Each structure stands twice: as C-alpha cells, then as structure tokens.
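In case you want the letters, here they are:
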Amino acid sequence: MNETAPLAPLRRASVYVIDKHYFVAAKLVDLLLEERFNALGYDIVSNGVGRQFALDLASEGPRALGRDGFDRLIATAVRFFSKKNRTGDHATVDDLCTVIHESYAYARRRKAPQAKKAAQVLDMLGKTRPEAEAFARERPAEATPTGEHGLLDDTMDPLVTAVPTVILHASIRHGGKLQVLADDQRLLTDDKLDVLERGAMAVGLVRGLIKGNHLQDLVRGRSVDHPSLQLADLMAGAGRAVARWHDGEDDPAGDDLHPVVAPLVDPQGMLMDEGPEDFARIDSARAKRR
C-alpha cells in the first residue's frame, strides 16, 4: 500500500499562520507610523520598510524591553486598537503614548545591538500621538454593525487580516474564481463578509496580483454540516500545535506532526522572516526570547 496515499487530499491544503506579537507590532506600524509617513509623502508599504519596522519591534522587542516590558507594550496596543473590553474600557491615547515613551526610554539604555533596532522603531512611534488621537476619534464608542466604521472596531481580530489574504493567495495559487466557505463566526455578519470580500479584491487589484474579481462566492457554514470545515478545523489545530512546538513550547502533537504540516505552511502568512521549512525545527532563539 502506498503510505502517501492518505495524505493526497492535503496536497492542496495550506496553513496560514499569524504570529500574534508580529501581528500587533504590524498594527502599530500600519495604523500609526504608516499614517505619519504617508502624510509626509513617504510610502513605507510598497518598499517593505514598514514590514521591517514591524519585524524589528516584534523580534527584538522582548530582548530590548524584557519579557514583562514587551508584554505590557503589546497588551496596551491591543487594548487601544480593539473594541471595548468586558469592562467597557479602551486604552486611552495617554495610556498608549506613556507606554511607548517608557519602552523607548528603557530600550535606548540597553547596550545589546538588538535593542537598538527596537529602540529606533519605538522612537518613531513616540512621535505619532496625532495619529493615535485621530484613530481614537474615529474609533466607534462601542461595537457596531459594519456601517460607516467598516471593520474599525474589529481591527485586532486576526480574521480581518486572514480572510481576505487567504482568499487572495488561494486565487493566485489555483486560478479561476473561488467559492469560499468560512466557518460560522460571530464576527462574520453579512455586512462584514461584504467588506472582507471587497477588501480581498481591492488588495489584489492594487498590487497587480489579479486582473479582475477572483471571488465567486463567500459564504459561511457550520462544521456540523460541512465535512470540509471539519477537515479545516483539524488542519488549523495541527498548524497551531506545530507553530507552538517550533516556538519552543513542549507540545508532543507538534513534535509528531511537524514533518507533515510544515510543508503546508503558507509562506505569505504573518511570520517573522520565516519560511515553511523553518517549522520543521525548534527555533531555540525564539524560545529564549519568548
């Protein structure tokens, strides 16, 4: 019996991985620094400069600030950019700016060369109070239907980034128009699915990656009704286990699964300068930073 035969259905599968620390660092760059540079007439997106800023902050921040200091920066950014939490509070502009300034003050005194990269990004973020105030003014007072705010109150939900990106990458990889079935999530209302659908097409067109509408249907369903969603859930769980194992966590499932799952990791995921092949090994450097 051919031992590879049971894996044949997975050849078209992919696992889109989001590193949460990099995701939040990228939001700080996208929503604050990019706005500031854009107002000054500089594009830091198409040339990869913005991505490098996010990578420097996410990868070197833990060593520049210490584990607790970096966690405080990330947690404050999440509270600032997210919809209101259970207590009905947002982090204020003052909260965010205070943490950024204190983080920069700490990082710039560290002699480690890695700390210098993070300190440079924090120094630039320290000058983005006007952009933070603009975001706070536009941020809805409470979670809203899509309406005039689009997905502003869901900006920190990884689905907002992942859904249109996965659709775009699948279209490029497989060609033709796609029929997409998404797991039924509370976030994915009809209005918000429409926004994500338009976003998937707009990004592809602007970047010249597609020439026209590449999405035929974007609908949602429940895993109890669709075996394909059950398989997707299994793949997501396997991908999570392998990512944790790669990140230095003691995960027996990741240890067992990494030879099969690593080749399926999408190289366009929100990863910190890593390729799919990297997920076939434990990253000792990342384990120390975490």
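Parameters at a glance
All residue numbers refer to position in the chain's written sequence, counted from 1. This being a predicted model, a pLDDT of at least 70 is required before a residue's local features are given, and a value of 80 or more before pairs of side-chain atoms are given or counted; all residues contribute to the totals for chains, interfaces and linings. Hydrogens and waters are ignored; side-chain quantities use all the structure's heavy atoms. In this description a helix means any DSSP run of H or I spanning at least four residues, a strand means any run of E spanning at least two, and both kinds are numbered starting from the N terminus. The span you would expect from a helix comes to 1.5 Å times its residue count less one. Three labels apply to residues, based on accessible area from a 1.4 Å probe with only protein chains included: buried if under 20% of the type maximum, exposed if over 50%, partly exposed otherwise in between. Think of it as the arc spanned by the lines of direction from the helix axis to the C-beta atoms. Contact criterion: two residues are considered in contact whenever any of their non-hydrogen atoms come within 4.5 Å of each other. For every element, the axis is a line fit to its C-alpha atoms; helices are fit only across the contacting stretch, and the angle between N-to-C directions ranges from 0 to 180 degrees. To sort the angles, those under 35 degrees are grouped as roughly parallel, those over 145 as roughly antiparallel, those from 65 to 115 as roughly perpendicular, and the leftovers as oblique. If you view the pair so one helix is near and one far, a crossing is left-handed when the near helix is turned anticlockwise from the far one by less than a right angle, and right-handed when it is turned clockwise. Definition used in this section: a nonpolar core is a set of buried Ala, Val, Leu, Ile, Met, Phe, Trp, Tyr and Cys residues joined via side-chain atoms within 4.5 Å. Salt bridge criterion: a side-chain nitrogen from Lys or Arg within 4 Å of a carboxyl oxygen from Asp or Glu.

A. Geometry of helix α3 (residues 93-107). For α3, which comprises 15 residues, the first-to-last C-alpha distance of 21 Å matches the rise-based estimate of 21 Å (1.5 Å per residue) to within 8%. The set of residues buried in α3 consists of Val93, Leu96, Cys97, Val99, Ile100, Ser103 and Ala107. Within α3, the buried residues cover an arc of 160° as seen down the axis, which keeps them to one side. Buried positions along α3 lie against α1 (20-39), α2 (49-81), α4 (113-125) and α5 (129-138).

B. Expanded view of the packing of α2 against α3. It is the contact of α2 with α3, at a shortest axis distance of 10 Å, that shows an interaxial angle of 160°. Relative to α3, the element α2 lies roughly antiparallel. Of the two possible hands of crossing, α2 and α3 adopt the one that is left-handed. Contacts between α2 and α3 involve Ala64, Leu65, Arg72, Leu73, Thr76, Ala77, Arg79 and Phe80 on the former and, on the latter, Val93, Asp95, Leu96, Val99, Ile100, Glu102, Ser103, Tyr106 and Ala107.

C. Structural detail: the nonpolar core. Core analysis: the largest hydrophobic core is formed by 44 residues, its most contacted members being Leu28, Leu57, Phe80, Phe81, Leu96 and Leu125. In terms of residue count, α2 provides more of this core than any other element does, 13 residues in total.

D. Up close: α5. Buried within α5 we find Glu131, Ala132 and Phe135. Down the axis of α5, the smallest arc covering the buried residues is 100°, so these residues share one side. Looking at the buried residues of α5, the elements they touch are α1, α2 and α3.

E. Seen up close, the side chain of aspartate 278. For aspartate 278, the position within the fold is in the loop between α9 (252-261) and α10 (284-289). The exposure class assigned to aspartate 278 is buried, which follows from its relative accessible area of 14%.

F. Highlighting the pattern of salt bridges. Summed over the entire model, instances satisfying the criterion amount to nine salt bridges. Note that arginine 67 and aspartate 71 form a salt bridge whose closest N and O atoms lie 2.9 Å from each other. Here arginine 67 and its partner aspartate 71 are both found in helix α2, four residues apart, which amounts to about one turn of the helix. A relative accessible area of 23% means that arginine 67 is categorised as partly exposed. One salt bridge in this structure joins arginine 281 and aspartate 278, with 3.2 Å as the shortest N-O distance. Accessibility expressed as a relative area gives 40% for arginine 281, which makes it partly exposed. Overlapping salt bridges bring together Asp94, Arg129 and Glu133 as one network.

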